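So you can see what is in the structure, the chains are spelled out below.
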Amino acid sequence: MKKLIILFVLIFSISACKTQYNVNNFYDRYQNTENSMSFKAPLFLASLMLDDDQEFNTFKEKVKSVRVLSLQDLDDAKHDMVKKDIQSALTKDGFENWFNVNQDGMNINVSAQNKGKAVKNVVVSLQGSDNLIFVNAKTQLTENELVAFISKLMKAEDKN
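Residues numbered from 1 in each chain as written. Predicted model: local features only at pLDDT ≥ 70, side-chain atom pairs only at ≥ 80, totals over all residues. Heavy atoms only, no water.

Glancing now at the overall build of the chain. Helix and strand counts for the chain come out as six helices and six strands. Starting at the N terminus, the α and β elements of the chain follow one another as α-α-β-α-α-β-α-β-β-β-β-α. The buried share among the 160 residues of the chain stands at 32%. Put simply, 58% of the contacts in the chain that link residues at least 6 apart link residues at least 24 apart. Counting every atom, the chain has about 10,600 Å² of accessible surface; 55% of that belongs to carbon and sulfur. (Helix = DSSP H or I, 4+ residues; strand = E, 2+ residues; numbered from the N terminus. Buried < 20%, exposed > 50% of the residue type's maximum accessible area, 1.4 Å probe, protein only. Contact = heavy atoms within 4.5 Å. Areas by Shrake-Rupley, 256 points an atom, 1.4 Å probe, with all protein chains shown as cover.)

For the rest of this paragraph, the subject is the packing of aromatic side chains. All told, the structure shown has four aromatic pairs when counted by the stated rule. Ring geometry for F26 against Y30: centres 5.0 Å apart, planes inclined by 50 degrees, an arrangement best described as tilted. With a gap of four residues between them, F26 and Y30 both fall in helix α2 (residues 23–30), about one helical turn apart. Here the two residues F26 and Y30 agree in accessibility, since each one is buried. R67 extends its terminal NZ or CZ atom over the ring of Y27, reaching a point 4.1 Å from the ring centre. (Phe/Tyr/Trp six-rings, centres within 6.5 Å; stacked < 30°, edge-to-face > 60°. Lys NZ or Arg CZ within 6 Å of the ring centre and 35° of its normal.)

Attention now moves to the nonpolar core. Judged by nonpolar contacts, the single largest core of 15 residues is most densely connected at F26 and F134. Of all the secondary-structure elements, those providing two or more residues to this core are α2, β2 (63–71), α5 (76–92) and β6 (132–142). F59, V63, V110 and L141 belong to the second largest nonpolar core, which has 13 residues in total. (Core = buried A, V, L, I, M, F, W, Y, C linked by side-chain atoms within 4.5 Å.)

Let's shift gears to unusual backbone geometry. In this structure, N35 takes a positive phi of about 60 degrees despite not being glycine. The topology assignment puts N35 in the loop between α2 and β1 (36–42). Judged by relative accessible area, which is 36%, N35 ranks as partly exposed. Within the chain, D73 stands out as a residue other than glycine whose phi angle is a positive 55 degrees. Here D73 is to be found in the loop between β2 and α5.

Relative to strand β4 (residues 106–115), strand β3 (residues 96–103) runs antiparallel, the two sharing seven bridges. Considered in β4, the bridge of F99 is made with V110. (Pairing = 2+ DSSP bridges.)

Written out as structure tokens, the structure reads:
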């Protein structure tokens, strides 16, 4: 029994020392840095900007919360470090890259973390030359619902 307790303590201390770098740790690391802004909000606040449409209503009903981190005035070294940290966090948390868009000097990346057929989290990162906006939405959407929502947003953007 004594050996089992010692083994448990060893395993616990090794796992506690191990750096677990995931999306939450990414937020914690950067939310209080210089030129940063972060907030977490229930979706009803963000939904005030969405039209009263079927895809948008589905999105509003199935997104639990939205967390946003904005980093401004990044120098090249810090920008590269943040991009590397984002990729590491998404990879370690099992996010799948859905698509990237480069438009007007902005790199837009959408990644999703699935749980069965449901999309558990959606991360959108917008990276400019000296800034970064990182949005994490906790959802209960299916892949089809998320694709319909993104398609609707893209069509609305094309009209503008």
